[in-house]
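The chain contents come next:
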Amino acid sequence: MSFTFNGVRKDYLRVFVGLERPAWAPIEEEILEIPGRPGGIITKQHTTVRRLNIPVRVYKRGFDSLEELEEDLAAWLVTDEPKPLEFDHKPNRVYYAKVTGELIFTEYPQWADGVISFICPDPYKYGPELEAVFPSDVVTLTNNGTAEAEPVFELTVKNPVTFAMIANQDDEYMLIGTPADVETEVVDERILVMNETGSTLDTWQEAPGSTGRFRGSDNGIFVDSYGSGTGWHGPRLIKEINPLEDFEIEFVVNARTNRAEQTFRISTNYYDEYNNELGMLRLWDLSIHRNHKVVEARVGPYVGQHVNYPISSRNYNIQDQLVWYGLIRVVREGNFYTFYVARIDQRGRHVDTLTQTFYDANNEFAGRLRYIRIDIAKYAGTETATEVSISRISVYKRNRVEEDQTPYIAYPGDVIEFDHKNADILINGESRADLKQFGASFFKLKPGENQLVVSPDDSFDVKCRYRSTYL
């Protein structure tokens, strides 16, 4: 018998009989003793750290010495954080463990014996991840574990909603947004004006200074040719929209540079009715000595390095990262510009986020948005980036919500995630804990049957992911 740790097992290691593996997580009580009264009163109970002592034998065949084998063990088992630990005789139970203490071997000619000690700060055992698809808005979900499980609810929106709620049989609930009563006007806080994913590039016009050409598809906007030129050069397109007072622009871009000498620049510049530049969003790598990507967001036209740049290399500097796929966004409401940037990971979640604001005190950049320009460029004499594209550029009209109005918080196709494991709320991968209502909580699935109710009715396709949890 052996074990797998952090996804790795070693053929030279065997677990002996005598494994110290507690039947359940240790439980400690706080007891209040009252003078003159026998015994005491339990005032508090909690589950403490689980400890595992594993007697092992390691075979030295294939190693020049026991010391070399010990170094291989250390490289495998010594970690900064707990990692999955799974024993061969219980393949459907996982501990999250970290090596502790020391390992001293008793050495023999062909093998050595010792005891490996693990601690589990999370004292529970876990079964495989399960997924339940809700057939209706009221379901009974069974947790077969012996401890409470931490669910992750995924709600795919079918109809526009002002709120989303899941409640259980114990009157615990998670709620975001605001239910609207019959006397309240429901409004769209943001209205999609333009959404370009590459399939309608023929509706754009070539912009001044353009060289080369774009290639559009349903999967994004790519470069067919950069053309020729000195300095930065490449294709540019511009599009006119109906003028907007308050607006939002989302710019989703992707780039890969496998070698330090590759350069690229992906930008959108946006202008008012009189071609005055209101600002710019950009991802680029202008270094030929290392992979050095930078996100920039500017208010107004270029007037000098880091002037009117709420986001730049000062606060969003991506060094030695080959691939960056993410979202850059600007929202203007009145005189306030709010910028947001996030890398999007393989699960679709926003990570490495940054939000910055800019107040246009003198109304210098208050014109109505009318023109959107996109460009992808490379620097003359440098290598072309391995991958570079615009996945999506979207423009929204922003409406101000008055006191007696209730805004929609999600629309068909949006995905709301109530992550009760990590205590987070996401919409389309972006953390939106700001929408959580007072009184709502990240509740757990009790052992046995759990009755769950989803509101509003018939508004979501719901899935729940969880792992049965055992003492």
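Cut-offs applied
- Residues numbered from 1 in each chain as written.
- Predicted model: local features only at pLDDT ≥ 70, side-chain atom pairs only at ≥ 80, totals over all residues.
- Heavy atoms only, no water.
- Helix = DSSP H or I, 4+ residues; strand = E, 2+ residues; numbered from the N terminus.
- Rg over C-alpha atoms; globule rule 2.2 N^0.38 Å.
- Buried < 20%, exposed > 50% of the residue type's maximum accessible area, 1.4 Å probe, protein only.
- Contact = heavy atoms within 4.5 Å.
- Areas by Shrake-Rupley, 256 points an atom, 1.4 Å probe, with all protein chains shown as cover.
- Lys, Arg positive; Asp, Glu negative; His and termini not counted.
- Charge placed at Lys NZ, Arg CZ, Asp CG, Glu CD.
- Phe/Tyr/Trp six-rings, centres within 6.5 Å; stacked < 30°, edge-to-face > 60°.
- Lys NZ or Arg CZ within 6 Å of the ring centre and 35° of its normal.
- Patch = residues over 30% accessible without salt bridge, like charges linked within 9 Å, V, L, I, M, F, W, Y side chains within 5 Å.
- Salt bridge = Lys/Arg side-chain N within 4 Å of Asp/Glu carboxyl O.
- Pairing = 2+ DSSP bridges.
- Axes fitted to C-alpha atoms, helices over the stretch in contact; angles between N-to-C directions.

Draft legend 1. Inspection of the overall build of the protein at higher detail. Broken down by element type, the protein carries one helix and 38 strands. For a compact globule of 471 residues, the expected C-alpha radius of gyration is about 23 Å, and the protein comes in at 29 Å, more than 25% above that figure. Across its three principal directions, the C-alpha atoms of the protein cover 85 × 70 × 45 Å. Burial statistics for the protein: of 471 residues in total, 46% are counted as buried. Once local pairs closer than 6 in sequence are excluded, the contacts in the protein between residues at least 24 apart make up 69%. For the protein, the accessible surface area stands at approximately 23,800 Å², while carbon and sulfur atoms represent 46% of it. Separation of charge centres in the protein, based on 51 positive and 72 negative side chains, amounts to 5 Å.

Draft legend 2. Region of interest: the packing of aromatic side chains. Counted according to the given criterion, the structure contains 19 aromatic pairs. Taken together, a centroid distance of 6.4 Å and an interplanar angle of 85 degrees make the contact between Tyr 316 and Trp 324 edge-to-face. Both residues of the pair, Tyr 316 and Trp 324, belong to the buried class. Ring centres 4.8 Å apart and planes at 40 degrees place the aromatic pair Phe 336 and Tyr 359 in the tilted group. Taken together, the residues span a long stretch of sequence, with Phe 336 in strand E28 (residues 336-344) and Tyr 359 in strand E29 (residues 350-359) at a distance of 23 residues. Since its relative accessible area comes to 47%, Phe 336 is described here as partly exposed. Taken together, the aromatic side chains of Phe 3, Phe 5, Trp 76, Phe 87, Tyr 95 and Phe 118 make up a single cluster linked through ring pairs. The ring of Tyr 470 carries Arg 93 above its face, with NZ or CZ at 3.8 Å from the centroid.

Draft legend 3. Seen up close, a negative patch on the surface. On the surface, Asp 64, Glu 67, Glu 68, Glu 70 and Glu 71 cluster together into a negatively charged patch. Within the secondary structure, Glu 70 is located in helix H1 (residues 66-77).

Draft legend 4. Structural context of the sheet that holds strand E13 (residues 163-168). Across the sheet, which stays open at both edges, the four strands sit in the order E11-E37-E13-E14 with antiparallel pairing between neighbours. In this open sheet, the two edge strands, each paired with only one partner strand, are strand E11 (138-143) and strand E14 (173-177). Sheet twist, expressed as the average angle between the axes of neighbouring strands with direction ignored, equals 20 degrees. Relative to strand E37 (residues 448-455), E11 runs antiparallel, the two being bridged by six bridges. From the neighbouring strand, Val 139 faces E37, where its bridge partner is Leu 452.

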